[in-house]
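A closer look at the structure
Listed here are the chains, written in short residue letters.
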Amino acid sequence: MNNDYQLANKTRKELKLQSLRRDIIVSDGAKALDMILEAPSPATLIQSFPDQDLYYLMHKVGVDDFIPVLALAASSQWEYILDVEVWDDDRLNTHMMTQVFSLLFKADPQRLLRWVITEKPDFVEYYLSRKMRICIREHDEVPPEDFDDYITLDDKFYFRFPDQQSGPDEDPQEDLLPQDTPREDGLPDDAPQLIEQMIRTLAAMDLSVLHGLFLETLSLLPAEAEEEQFRQKNIRLAEKGFLPAHEAIGIYQPVAGKNLPSRPATPRKPQAFDPDIPMPPMFFTQFLKGDNLFVKALEQVNTQGGIPGLDSELAALINKGISADRIRIRNRESIEKPLEKTMSTLSLGLDVLMEGAEISVERAVGLIKRYFLEDIFRTGSREGARLQAMARKWHETSFIRAKNLPLSFLGETYLGIIGGLMVQRPMFFANYANKTLYRNFASLSDIRATRRQLDEIICLDDFLNRLDVDIATFSFGVLTYKSMILTLWVRDRMGLNTSKPLSLAPIEISEFKDFFAQLFSREGTIGDTQAKDFGLWAARASGMHETDLPTALQGILYTLFRELESEYGHVMTRDLDPRFMPMFLLAGQD
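Residues numbered from 1 in each chain as written. Predicted model: local features only at pLDDT ≥ 70, side-chain atom pairs only at ≥ 80, totals over all residues. Heavy atoms only, no water.

**Some remarks on the environment of Ile 376**
Where we set the bar: Elements are defined by DSSP. Helices are runs of H or I of four residues or more, strands are runs of E of two residues or more, and each kind is numbered from the N terminus. For this analysis, residues touch if any pair of their heavy atoms sits within 4.5 Å.
Among the secondary structure elements, Ile 376 is positioned in helix 18 (residues 373-396). Taking C-alpha positions, Ile 376 is 8.1 Å from Leu 353, a pair spaced 23 residues apart along the chain. With near-sequence residues (within four places) excluded, Ile 376 lies in contact with Thr 345, Leu 346, Gly 349, Leu 350, Leu 353, Leu 367, Ile 368 and Tyr 371.

**Topic: the packing of helix 18 against helix 21 (residues 444-466)**
Each pair of packed helices gets described by two things: the angle between the helix axes and the distance between those axes. Heads up, the rule is: For helices, the fitted line uses only the C-alpha atoms of the stretch in contact; every axis is such a line through C-alpha atoms, and the angle between N-to-C directions lies from 0 to 180 degrees. Should an angle fall under 35 degrees it is called roughly parallel, over 145 degrees roughly antiparallel, and 65 to 115 degrees roughly perpendicular, with every other angle called oblique. Note on residue classes: Ala, Val, Leu, Ile, Met, Phe, Trp, Tyr, Cys and Pro are nonpolar, Asp, Glu, Lys and Arg are charged, and everything else, Gly too, is polar.
In contact at an axis separation of 11 Å, helix 18 and helix 21 are set at 5° when each is read in the N-to-C sense. Classified by the angle their axes make, helix 18 and helix 21 are roughly parallel. Note on element contacts: helix 21 touches helix 18 through Ile 447, Thr 450, Arg 451, Leu 454, Asp 455, Ile 457, Ile 458 and Asp 461, opposite Glu 383, Gly 384, Leu 387, Met 390, Ala 391 and Trp 394. Taken together, the residues that form the contact of helix 18 with helix 21 break down as 8 nonpolar, 2 polar and 4 charged.

**What about helix 22 (residues 481-493)?**
Rule in force here: Expected span of a helix, by definition, is 1.5 Å for each gap between consecutive residues, and there is one gap fewer than residues. For the exposure calls, accessible area comes from a 1.4 Å probe over protein chains only, and a residue counts as buried if that area is under 20% of its type's maximum, exposed if over 50%, partly exposed in between.
Along its 13 residues, helix 22 runs 18 Å from first to last C-alpha, staying within 8% of the 18 Å computed at 1.5 Å per residue. In terms of residue burial, helix 22 counts as a mostly covered element, since 12 of its 13 residues are buried. Just downstream of helix 22 lies Gly 495, where phi reads positive at about 75°.

**Looking at a negative patch on the surface**
Let me state the cut-off plainly: Patch construction takes residues with relative accessible area above 30% that form no salt bridge. Like charges are linked within 9 Å, and nonpolar side chains (Val, Leu, Ile, Met, Phe, Trp, Tyr) are linked within 5 Å. Using the Shrake-Rupley algorithm and a 1.4 Å probe, accessible areas are obtained, with residue cover drawn only from the displayed protein chains. Whenever a carboxyl oxygen of Asp or Glu lies within 4 Å of a side-chain nitrogen of Lys or Arg, that contact is scored as a salt bridge. As used throughout, the charge tally considers Lys and Arg to be positive and Asp and Glu to be negative, leaving His and the chain termini uncounted. Think of each charge as sitting on NZ of Lys, CZ of Arg, CG of Asp or CD of Glu.
A contiguous patch of negative charge on the surface is contributed by Asp 122, Glu 216, Glu 224 and Glu 227. With respect to the helices, strands and loops of the structure, Glu 224 is situated in helix 12 (residues 222-238). For Glu 224, a relative accessible area of 53% gives the class exposed.

**A look at the environment of Leu 70**
One can find Leu 70 in helix 5 (residues 67-72). Each C-alpha atom, one on Leu 70 and one on Gln 47, is 9.7 Å from the other, the two residues being 23 residues apart in sequence. In contact with Leu 70, other than residues within four places in its own chain, are Met 58, Trp 78, Ile 81, Leu 103, Leu 104, Ala 107 and Arg 111.

**Details of the packing of aromatic side chains**
As a reminder, the rule being used: Each aromatic pair joins two rings of Phe, Tyr and Trp (for Trp, the six-membered one) with centres within 6.5 Å, and gets the label stacked for planes under 30 degrees apart, edge-to-face for over 60, and tilted for any other angle.
Counted according to the given criterion, the structure contains 24 aromatic pairs. Judged by centre distance (5.6 Å) and plane angle (55°), the ring pair of Trp 489 and Phe 561 falls under tilted. Within this pair, whereas Trp 489 is found in helix 22, its partner Phe 561 is found in helix 25 (residues 551-568), the two being separated by 72 residues in sequence. Note on Trp 489: relative accessible area 2%, which makes it buried. On the basis of relative accessibility, which here comes to 2%, the residue Phe 561 falls in the buried class.

**Concerning the sheet that holds strand 4 (residues 151-152)**
The criterion, for reference: At least two DSSP bridges between two strands are needed for those strands to be called paired.
The antiparallel open sheet is built from 3 strands, whose spatial order is 3-5-4. The open sheet has two edge strands, strand 3 (133-136) and strand 4, and neither has a second partner. As judged from the 2 bridges shared by strand 4 and strand 5 (residues 157-160), these two strands associate in the antiparallel manner. Each bridged residue has a counterpart across the sheet, and for Thr 152 the counterpart in strand 5 is Tyr 158.

**Some points on the packing of helix 18 against helix 20 (residues 411-422)**
We count it as follows: By convention the crossing between two helices is left-handed if the near helix lies anticlockwise of the far one by an angle smaller than a right angle, and right-handed if it lies clockwise.
With their axes 9 Å apart at the nearest point, helix 18 and helix 20 run at an angle of 110° to one another. As judged from the angle between their axes, helix 18 and helix 20 are roughly perpendicular. Handedness of the helix 18/helix 20 crossing: left-handed. For the pair formed by helix 18 and helix 20, the contact residues are Leu 387, Gln 388, Ala 391, Arg 392, Trp 394 and His 395 on the first element and Ile 418, Leu 421 and Met 422 on the second. Counted by class, the contact of helix 18 with helix 20 contains 6 nonpolar, 2 polar and 1 charged residues.

Pasting the structure below:
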């Protein structure tokens, strides 16, 4: 009975803190800082934040303004900041170590020194070994001439910073290490000032501990220490859902919807609050908005009482995506991108699992209750991966690659489609719909639209491959599939291409004007006769019968003619200028 009472008190306390944390996270930086520091028990509130939430708040408020909060943060929260800030893949970035150590030293210098020496000795010793040189002088030893630039506090242990002055005892090969490269921002490294302050502070606390730190730094094997720190860092981050990139990439492994395992039955009795289980981060919940199938279904699920552990499941999925894509979360913009990708891919997965049925929020809610979020994500990711594989397979044997042409040869729209499929994570080409050039695939309609345009590109490429064109004859103008096709047609009708391979030599503007005048009617339109002639030429040049032209190719040729009407239908013949006619390869001045 007593335990139930205590647990009920802990539950009420946690729910109250959770509500306050949510209000702080959605507030602007200055207000969030005031709410934290003006709380009845700031330390309790700060240490109750999940590590990710506190890290996000630090960059939202500003690292310098956040120092009073860091002074009250738990050591595990400090450690998380180090884990996500100071690593470049599997190598420690000593410049970032300087920045983070400087921040924590300003927050609480003595606590930082006690913590790193007792709990992370190899970590701080590695940092010191990369940034300073230590020398021990015996009592009867005469100081060498180069000791003038060394610093000592006890006339026994001497140290200096090699970046300030090079000495004969330095290993020239160490200059080749990535950690010793100059900072990209061009600013000086503050490590000498920081380390000297840390050493003097530690000496004032306990000189014998400083001596032990120097001795252990001298005997450290940097490569071994770095490898062990990397292993421990991966374990800590994996507990929060941040798997190593090579493991987190598994969320993009395609899986068919029919092979998904079902969720275990939800217990009727709600699980009691366990204070030993860390709460999932909440900072991403403020971004769960918008006209998105998954977001609507999630709201409906929460209205119906929720699913136990769903918040943690969603947080783990987002964290895996962040790890797989090697994203560093430092501000609002950096979290919005992976979150939008997760929401869109989950919506696509729900659409796929509906198997052609009418899309509805109720069906989506049923699917969320039936399947794990990661499996729904992988089902959606599979659709984009299939399009990507199709595009890459086509490109390997394409006319464009065989002729060594850039993808810009396909024109703006088709280039956008292929560009979105050729990147590491396939994207939907929105062409500035809603002011967005690329966005993540969010529904089967996006997949079908992209597949239709990809089929057009493949059909167009096959047609161009049949034309037997001599690319070497191109010498002037802008070469795209539009200018190639129209120029070849004009050259054929003007009797300039009488044999194969077909030439792309530019047409003289003076000769082109007569053809141009006959192409358009007085109203600026292209008649059925010219359009039919264009189709006949395309069939004959590609070695096909007119009735055998693929429907997709016919649509491309029709669209090309309509664009030709729109661009040049009202241009007077006397005003033609090759410089402003990129749809033809023209040369000369009239």
